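Chain residues, written in single-letter form:
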Amino acid sequence: MQADYCFLGRRDEEGDTITVLTVTVEKDGDLLTVYARQKGAGDVYAVASTVAFLNEMPFKKFFFQVDPESSTEELQRAICGKIEGAMPRLSPKESKGSLGLAENANKRGEAQLRKEQAKLKKRLNVRLTKNELLTPWAIRNCAFILNHFQPGNDGLTVHKRIHGEDYKGAMLNFGEKCQFKERREQGKLEDRWPFGIW
């Protein structure tokens, strides 16, 4: 397993950089992309999401590799401390190639997020920014799309490699308007199936 941060922004808006934590599995190419509010172990959401993702893996022992930066080492300690069998490993300093799996996953995630942003702009006239409410969801959705629908070099998706068959669940496009059923009690004249955004 490898993890790395990537930073997404626009040239004209320096203060609006979106930080994404990418975690990838070497064996099957499984990928997690998480919106990181901050780097390091202080981001409870990123740590909890990564721990949940890694706990789903069938491996009893594995190396969890990161760059030798203080924030990524802190994140690594927090995650490895919560998962039995997770062994920390650092990439050699100044060696981008040793974390190549995560770097490649960053590029795939960045490309997918650009696609999602283009669709959101067209569909809802929404632009992904650091403070946009849809940004964390869009980032998580990128990994879902890549894991379930993008074939690898072997022609198989991650889902098919893991489960032996293609994903067959019903899908809506991220940001698509849809109807949903309210779970709360409602008055007799309230709409039971209001519109929302998936």
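Predicted, not measured: the structure shown is a model, and the values here were computed from it.

### Here we look at the side chain of D16
- Position of D16 relative to the elements: it lies in strand 2 (residues 13-24).
- Engagement of the side chain of D16 in a polar contact is seen with the backbone nitrogen of K130, the distance being 2.9 Å.

### Some remarks on the confidence of the model for the chain
- For the chain, mean pLDDT is 90; residues scoring 70 or higher make up 99% of the total.
- Ranking the elements of the chain by mean pLDDT puts strand 7 (residues 195-197) last with 82 and strand 3 (residues 31-35) first with 95.

### Topic: the pattern of salt bridges
- Under the counting rule described, the total for this entry stands at 4 salt bridges.
- In this structure, R161 and D154 form a salt bridge, with 3.0 Å as the shortest nitrogen-oxygen distance.
- Relative accessible area serves as the criterion here: at 45%, D154 is assigned to the partly exposed category.

### Here's the deal with the packing of helix 3 (residues 100-124) against helix 4 (residues 135-149)
- One way to put it is that helix 3 packs onto helix 4 with a least axis distance of 9 Å and a crossing angle of 115°. As summarised for this structure, helix 3 and helix 4 are arranged roughly perpendicular, according to the angle between their axes. Crossing handedness for the pair helix 3 and helix 4: right-handed. Along the contact surface, helix 3 presents R108, G109, Q112, L113 and E116, while helix 4 presents A138, I139, N141, C142, I145 and L146.
- A class-by-class count of the residues in the contact of helix 3 with helix 4 yields 6 nonpolar, 3 polar and 2 charged.

### Some details on the pairing of strand 4 (residues 62-66)
- Most of strand 4 is tucked away: 4 of the 5 residues are buried.
- In terms of strand pairing, strand 4 meets strand 5 (residues 86-90) through 5 bridges, oriented parallel. Bridge assignment links F64 to a residue of strand 5, and that residue is P88.
- The parallel pair strand 4 and strand 5, bridged by helix 2 (residues 70-80), forms a crossover whose chirality is right-handed.

### Regarding helix 2
- Inspection of helix 2 places S71, T72, L75, Q76, A78, I79 and C80 among the buried residues, and these make up the whole buried set.
- Residues of helix 2 that are buried sit in contact with strand 1 (2-10), strand 2, helix 1 (44-55), strand 4 and strand 5.

### Quick look at the packing of helix 1 against helix 2
- Between helix 1 and helix 2, whose axes approach to 10 Å, the crossing angle comes to 50°. Taken together, the axes of helix 1 and helix 2 lie oblique to each other. The hand of the helix 1/helix 2 crossing is right-handed. Counted together, V47, T50, V51 and L54 of helix 1 and L75, A78 and I79 of helix 2 form the full contact between these two elements.
- In terms of residue class, the contact of helix 1 with helix 2 is made up of 6 nonpolar, 1 polar and no charged.

Reading the values: rules and limits
- Residues numbered from 1 in each chain as written.
- Predicted model: local features only at pLDDT ≥ 70, side-chain atom pairs only at ≥ 80, totals over all residues.
- Heavy atoms only, no water.
- Helix = DSSP H or I, 4+ residues; strand = E, 2+ residues; numbered from the N terminus.
- Polar contact = N/O pair within 3.5 Å; in protein donor to acceptor, adjacent residues only side chain to side chain.
- pLDDT = per-residue confidence, 0-100.
- Salt bridge = Lys/Arg side-chain N within 4 Å of Asp/Glu carboxyl O.
- Buried < 20%, exposed > 50% of the residue type's maximum accessible area, 1.4 Å probe, protein only.
- Axes fitted to C-alpha atoms, helices over the stretch in contact; angles between N-to-C directions.
- Parallel < 35°, antiparallel > 145°, perpendicular 65-115°, else oblique.
- Left-handed = near helix turned anticlockwise from the far one by under 90°.
- Contact = heavy atoms within 4.5 Å.
- Nonpolar A, V, L, I, M, F, W, Y, C, P; charged D, E, K, R; others polar.
- Pairing = 2+ DSSP bridges.
- Right-handed = clockwise from strand over helix to strand, strands pointing away.

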